[in-house]
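Here's the letter readout for the chains.
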Amino acid sequence: MHLWKDFVRYASLSMLGMLGLSCYILADTFFVAQGVGETGLAALNLAIPAYNLMNGAALMLGMGGAIRYSVYRAKGEQDKADAAFTNTMLLATIFSVIFMLAGGLGSGLFARLLGADEQTFALTDVYLFVLWLFSPAFLFSTSLMCFVRNDGAPATAMLATLSGSLANVLLDYILIFPCGMGMLGAVLATGCSPLFGLAFCVGHILRGKNGFHLRPRALSARFIAPVFSLGFPFFVEQLSSAVVIITFNYLFLGLSGNTGVAAYGVVANVSLVVLSLFNGIAQGAQPLFSRARGSKNAAQSRAVLRYALFSAFALSAVLYAVLFIFAVPVSDFFNSEHSQALREIAVRGLRLYFIAMPFAAANILLCSYFSAEERALPAQIVSLLRGLIVILPAAFLLCALWAETGVWLAFPVTEAIVCVVAAGFLAFSARSARKKGEERTNF
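Remember, it's a predicted structure, so these values are computed and weren't measured experimentally. (Residues numbered from 1 in each chain as written. Predicted model: local features only at pLDDT ≥ 70, side-chain atom pairs only at ≥ 80, totals over all residues. Heavy atoms only, no water.)

(A) Quick look at a nonpolar patch on the surface. A grouping of Leu 166, Leu 170, Tyr 173, Ile 174 and Phe 177 is seen on the molecular surface, where their side chains present a nonpolar patch of about 490 Å² in accessible area. Its location among the elements puts Ile 174 in helix α6 (residues 154–176). (Patch = residues over 30% accessible without salt bridge, like charges linked within 9 Å, V, L, I, M, F, W, Y side chains within 5 Å. Areas by Shrake-Rupley, 256 points an atom, 1.4 Å probe, with all protein chains shown as cover. Salt bridge = Lys/Arg side-chain N within 4 Å of Asp/Glu carboxyl O. Helix = DSSP H or I, 4+ residues; strand = E, 2+ residues; numbered from the N terminus.)

(B) Quick peek at helix α3 (residues 78–113). Between its terminal C-alpha atoms α3 stretches only 45 Å, short of the 52 Å expected from 36 residues at 1.5 Å a residue. Just downstream of α3 lies Gly 115, where phi reads positive at about 105°. (Expected span 1.5 Å × (residues − 1).)

(C) Focus on unusual backbone geometry. Even without being a glycine, Lys 296 presents a positive backbone phi close to 60°. Assessed through its relative accessible area of 76%, Lys 296 is described here as exposed. In this structure, Ala 403 takes a positive phi of about 55° despite not being glycine. Mapping Ala 403 onto the fold places it in helix α15 (residues 391–442). You can call Ala 403 partly exposed: its relative accessible area is 34%. (Buried < 20%, exposed > 50% of the residue type's maximum accessible area, 1.4 Å probe, protein only.)

(D) Region of interest: the pattern of salt bridges. Per the stated rule, a full pass over the model turns up nine salt bridges. Across the pair Arg 112 and Glu 118 runs a salt bridge, and its minimum N-O distance is 3.4 Å. Overall, the relative accessible area of 39% leaves Arg 112 in the partly exposed class. Glu 118 sits in the exposed class, given a relative accessible area of 69%.

(E) Highlighting the state of the cysteines. Throughout the structure, instances matching the rule amount to zero disulfides. The thiol sulfur of Cys 192 is not disulfide-bonded, and the nearest other cysteine sulfur, from Cys 179, lies at 12 Å. Owing to a relative accessible area of 26%, Cys 192 belongs among the partly exposed residues under this scheme. Its sulfur unpaired, Cys 201 is 9.1 Å from the next cysteine sulfur, which belongs to Cys 146. Given the relative accessible area of 0%, Cys 201 is considered buried. (Disulfide = S-S within 2.5 Å.)

Listed below in structure tokens is the structure:
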């Protein structure tokens, strides 16, 4: 019962935090749709992969470093725990510089690569330029939140995320409408918002409640290699979102022009919220997985996995029912110009695309489980399959077969195929663990 209470506490707070994080783009989508119109909505959807890439880098560093930190702490190895944190912060600094240079020098090039045409180029360029200039705020805020959550303070991590999201909503309204700044206002609101979350994380440190500490030391391959290895699935999770958005934008642009891209933008943003809830369950369970790993309690780790999978499947059933029944009002929420064509495409998409929910939930949770158990290879394989290897050919093949319907079905087909592979890894892992246990008993 104590373990169940811990899971509910961590998972619920993490879900609230991740839900808040997803609102960064969701708030932009709503206010841009209302204040800039269909062209702005299409431009924003073209720029979202840049946010996914940056957020993926932040999660890779934060989750990878926090997993190692949590395992070291469970083993009582404080020096190594501090080294994991210090190396993660040094990596966040390096990645921040890379993103700032990319945004400052190459935003126009990236806008073209993401598919911006003459109608959407200027708006996409502005969004990319400003977003990546604010990359230090995102990278340090997200990375620190992962450590704070693994430091036994999930409520602080949740408040950090929600404060940033609330700030984003308020700033979006102020900058887009009273100030009349349009797309520039939307991205300024998004860029400034993580500063509020960062303040909560720094407050956790200043109050002396932190178990992690910066120590003067250079980057060490001994500590940065596990950060990349264990955090890679979380990066691929975000990268896959970016790749799917770019691919689907390209396909919809050919099928129904900017209206199709805008309609897919509605589905993509709803997906951002839905998947954030499953990511919340996974990230909430991760400290418990890592703690069990550090204390060598396999039974506890399996129990947490059962709790997480049951919760995710129940949630996916409820969410799909809601989206299926309320597909029209959900699409109209973003359709300020009342485009009938946009509504029809988006409604059809909402009802087909989210068939993937239970499979996606299982894949996300199993990736988190494998990473927290320090089994990087199966986590990386599952992430790559769902993010790149299966989704891309599925999208083009099904589009060729069934046009728009095929594109919508590519996501559920991919997640179902990958779920079978992930379940196979889990079964193999359980069988190997039982075999080792039997050998020790016989010995």
